Amino acid sequence: RYVGKLAGVYPENPIQAALADELADSCEDLANVFISKTFGKEEEEKKAAVGELLKEGGSFDYWTGKFLCRQQEAEKRGVKSGLFVGEEITTAELKFSASFGFMLTKIPPLKGIMEAKYKPLLKIIETVNGNEKIKAFEEQFKKNTAAFKEKPEVGTFKYAGTAKPGSL
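Residues numbered from 1 in each chain as written. Predicted model: local features only at pLDDT ≥ 70, side-chain atom pairs only at ≥ 80, totals over all residues. Heavy atoms only, no water.

(A) How the structure looks around a nonpolar patch on the surface. Side chains of Y2, V3 and L6 sit close together on the surface and give an oily, nonpolar patch of about 350 Å² of accessible area. Of note, L6 is situated in helix α1 (residues 2-7). (Patch = residues over 30% accessible without salt bridge, like charges linked within 9 Å, V, L, I, M, F, W, Y side chains within 5 Å. Areas by Shrake-Rupley, 256 points an atom, 1.4 Å probe, with all protein chains shown as cover. Salt bridge = Lys/Arg side-chain N within 4 Å of Asp/Glu carboxyl O. Helix = DSSP H or I, 4+ residues; strand = E, 2+ residues; numbered from the N terminus.)

And the structure:
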């Protein structure tokens, strides 16, 4: 929240801030379910646990249904961007995109489930990932990571610009 405020992506409106907090906290709840069921497990046991989590009516369905509901509620409030809180990217969409983006890379069947039942949520991830400032940051981050691997003793990285409210 603090960094979100500094970067201008944490809502000033208390109701929108509460929505952003709720969504970010729910991402943590879903991540904790997956971690608690899969971390440290043998591969076969992990596969079975993921299958249980992804089944119809399972934990993933429950939580993802809640996220979809929040996105639909935003549309009913007049939000046309398809995002959760308002017309601009907030900490909610950033947290959601990071959490779900990670899960999509680690759990192959997830993409098909999302495409079949939760397309508006994939659109949020696409919106965040398509943001020019986020793409520029990702590009610089890749360069910095490569430079660090090459010369770890340097370890100083700079990013263009400053944190300005509403800058995404």
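Okay, back to it.
(B) Structural context of the nonpolar core. The biggest cluster of nonpolar side chains holds 33 residues, and the ones touching the most others in it are F60, F67, F96, F100 and L121. Only α2 (14-38), α3 (43-54), α4 (59-76), α5 (91-106), α6 (109-117) and α7 (119-130) provide two or more residues apiece to this core. Those residues within four positions of F67 in sequence are excluded, and the remaining contacts are L23, S26, C27, L30, F84, F96, F100 and L121. (Core = buried A, V, L, I, M, F, W, Y, C linked by side-chain atoms within 4.5 Å. Buried < 20%, exposed > 50% of the residue type's maximum accessible area, 1.4 Å probe, protein only. Contact = heavy atoms within 4.5 Å.)

(C) Local environment of helix α8 (residues 132-150). The end-to-end C-alpha distance of α8, which contains 19 residues, comes to 27 Å, matching closely the 27 Å that a straight helix rising 1.5 Å per residue would cover. Where α8 begins, the capping side chain belongs to N131, and its oxygen is found 2.9 Å from the backbone nitrogen of K133. (Expected span 1.5 Å × (residues − 1). Polar contact = N/O pair within 3.5 Å; in protein donor to acceptor, adjacent residues only side chain to side chain.)

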